[in-house]
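Each chain is listed here by its residues.
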Amino acid sequence: MDKIVEGIRRFRRDIYPGLKPRYDELVKTGQKPHALVIGCSDSRVAFESLTGCGPGELFIVRNAGNIIPQYGKYMGGVTASIEFAVTALPIRDVIVCGHTHCGAMSALLKPEMSTDMPAVQKWVSFARQAKRRIGKEHTHVFDAHLREAIAENVKLQVEHLRTYPCIEKKLKSGEIRLHGWVYELENGDVVEHDETNNRWLSLTEPEEPKRDVSGRFRGTE
Ligand SMILES: [Zn+2]
């Protein structure tokens, strides 16, 4: 706790003064984030430092496994936060971001690891379709299998987003775009799912066409 309080003091003393004009504007005109991120609660994923975005830019919803229950199946904080962001804020991009080494996805693959966490088991059941989709090729060792589940879960949760009436409406009018990402803890890369060709492309390499890194999720790269 000492570290956290010391950090707050340092923030107020050294960092906040530089941000004061920005906060004055945000207080006066309200928040106008341009992106909604649905990410995992994992402490190793830090969206602002990962994206270089500052206060007022990202509206972030976090939960174990970056899961979005289908609209109407489980109305709770995730549903309300997404609905609010897409309806009331000027969101242009909606990003579902998973990450490698995800504990929630491990719990999905190995339910016996979380028998003492019934709420976790219930929550990750909103991702079980991802487990089914990779179930046919059970030839991998667990680590490669986990990577595949993480990628498949991101694709599934993007599909779940499409069940939201507010998302459907804004997709139709061309006001928002959906993105499925995986952040790779071990190398700092962020990869994006290309829905048209069902492949994963690295976002960190500047060249076009972007590099196809789908092999990373099949254990072949
Ligand atoms: Zn996670």
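Preceding this section is the structure that the text describes.
Predicted, not measured: the structure shown is a model, and the values here were computed from it.

Cut-off values and rules
Residues numbered from 1 in each chain as written. Predicted model: local features only at pLDDT ≥ 70, side-chain atom pairs only at ≥ 80, totals over all residues. Heavy atoms only, no water. Patch = residues over 30% accessible without salt bridge, like charges linked within 9 Å, V, L, I, M, F, W, Y side chains within 5 Å. Areas by Shrake-Rupley, 256 points an atom, 1.4 Å probe, with all protein chains shown as cover. Salt bridge = Lys/Arg side-chain N within 4 Å of Asp/Glu carboxyl O. Lys, Arg positive; Asp, Glu negative; His and termini not counted. Charge placed at Lys NZ, Arg CZ, Asp CG, Glu CD. Helix = DSSP H or I, 4+ residues; strand = E, 2+ residues; numbered from the N terminus. Core = buried A, V, L, I, M, F, W, Y, C linked by side-chain atoms within 4.5 Å. Buried < 20%, exposed > 50% of the residue type's maximum accessible area, 1.4 Å probe, protein only. Contact = heavy atoms within 4.5 Å. Phe/Tyr/Trp six-rings, centres within 6.5 Å; stacked < 30°, edge-to-face > 60°.

How should a positive patch on the surface be read in this particular structure?
A cluster of basic residues, Lys73, Lys122, Arg128 and Arg132, forms a positive patch at the surface. If you trace the backbone, Lys122 turns up in helix α5 (residues 118-124).

Where do I start with the nonpolar core in this structure?
Ranked by size, the top nonpolar core spans 42 residues in total, and within it Leu36, Ile38, Ile82, Val94, Met105, Leu161 and Ile167 carry the most contacts. Looking at this core element by element, the count peaks at 7 residues for helix α7 (residues 142-161). Excluding anything up to four places from it in sequence, Val94 contacts Leu36, Ile38, Val86, Leu161, Ile167, Ile176, Arg177, Leu178 and His179. The next biggest cluster of nonpolar side chains, apart from the first, holds 11 residues, and it includes Ala35, Val45, Phe47 and Trp181.

Which parts of the structure should I look at to understand the packing of aromatic side chains?
All chains considered together, the criterion is met by 8 aromatic pairs. Considering the side-chain rings of Trp200 and Phe217, the 5.2 Å spacing of their centres and the 55 degrees angle between planes classify their relative orientation as tilted. Residue Trp200 is found in strand β6 (residues 199-202), and its partner Phe217 is found in the segment after β6; the two are separated by 17 residues along the sequence. Taken as a pair, Trp200 and Phe217 share a single burial class, namely buried.

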